[in-house]
Amino acid sequence: MSNVPAVGVVGCGYWGKNLIRNFSELGSLRVVCDVDSDRARALATKYDVDFCTSFDEMLRRSDIQAVVIAAPAAEHFVLAKKAMLAEKDAFVEKPLALNVEEG
């Protein structure tokens with residue numbers, strides 16, 4: 001059994017592409033998620049991983065231990081909270097949230 005957690009990345013835009021590449025190089029990338037199915041499919045094909053367009057679908061995957069959130073900042077709080085409630089570790093691209101209360 002590997003000590004490297006299986007990771008899913010949500011958000012395949014500017015920062016997401018970089019994080020996808022980095023987690024692929026670490027050998028932990030398993031799935032990419034984006035509302036733009038063409039973008040998600042293209043990156044999934046490039047890195048030979050699965051893709052989806054639903055964050056909830058990604059969270060239901062029992063093989064994913066951690067999620068990387070690179071979606072628009074306005075979504076960070078909601079996505080991070082969902083990830084933690086689904087018992088997934090979460091890495092959130094900055095900013096963590098848009099206000100102190102959410103942070």
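The notes below deal with the structure included here. (Residues numbered from 1 in each chain as written. Predicted model: local features only at pLDDT ≥ 70, side-chain atom pairs only at ≥ 80, totals over all residues. Heavy atoms only, no water.)

Points about the state of the cysteines
In a disulfide, the sulfur atoms of two cysteines are covalently bonded to one another.
Link 1 in the chain: The full count for this structure, using the stated rule, is zero disulfides.
Link 2 in the chain: For the unlinked cysteine cysteine 12, the closest cysteine sulfur is that of cysteine 33, found at 7.4 Å.
Link 3 in the chain: Looking at cysteine 33, it has no disulfide partner, and the nearest cysteine sulfur is the one in cysteine 52, 3.7 Å off. (Disulfide = S-S within 2.5 Å.)

Some details on helix H4 (residues 76–85)
Link 1 in the chain: When we look at burial in H4, the residues that qualify are His76, Leu79, Ala80 and Ala83. Down the axis of H4, the buried set is contained in an arc of 100 degrees. They therefore lie on one face.
Link 2 in the chain: Buried residues along H4 sit in contact with strand E1 (7–10), helix H3 (55–60), strand E4 (66–69) and strand E5 (89–92).
Link 3 in the chain: A positive backbone phi angle near 65 degrees is found at glutamate 87, which sits one or two residues after H4. (Buried < 20%, exposed > 50% of the residue type's maximum accessible area, 1.4 Å probe, protein only. Helix = DSSP H or I, 4+ residues; strand = E, 2+ residues; numbered from the N terminus. Arc of directions from axis to C-beta. Contact = heavy atoms within 4.5 Å.)

Section: the pattern of salt bridges
Link 1 in the chain: All told, the structure shown has five salt bridges when counted by the stated rule.
Link 2 in the chain: The closest approach of N and O atoms between aspartate 36 and arginine 39, which form a salt bridge, is 3.8 Å.
Link 3 in the chain: Given a relative accessible area of 35%, arginine 39 falls into the partly exposed group.
Link 4 in the chain: Lysine 82 is the salt-bridge partner of aspartate 56, the closest N and O atoms lying 3.1 Å from each other. Here aspartate 56, found in helix H3, pairs with lysine 82, found in helix H4; they are 26 residues apart in sequence, far enough to count as distant. (Salt bridge = Lys/Arg side-chain N within 4 Å of Asp/Glu carboxyl O.)

Topic: the layout of surface pockets
Link 1 in the chain: Of the pockets and cavities examined, the largest pocket occupies roughly 320 Å³.
Link 2 in the chain: Taken together, 20 residues line the largest pocket, and the ones lying closest to its centre are Gly11, Asp34, Ala70, Ala71 and Pro72.
Link 3 in the chain: Where the lining of the largest pocket is concerned, the elements lending two or more residues are helix H1 (14–25) and H4.
Link 4 in the chain: Among the elements that take part in the lining of the largest pocket, H1 stands out by supplying three residues, more than any other.
Link 5 in the chain: The class makeup of the residues in the lining of the largest pocket is eleven nonpolar, five polar and four charged. (1 Å grid on protein atoms, 1.4 Å probe; cavity = no way out; pocket = protein on both sides within 12 Å on 5 of 7 lines; lining within 4 Å. Points joined across faces, edges and corners; volume = space filled by probe spheres on them. Nonpolar A, V, L, I, M, F, W, Y, C, P; charged D, E, K, R; others polar.)

Everything listed here is a matter of coordinates, which is why it stays silent on function.
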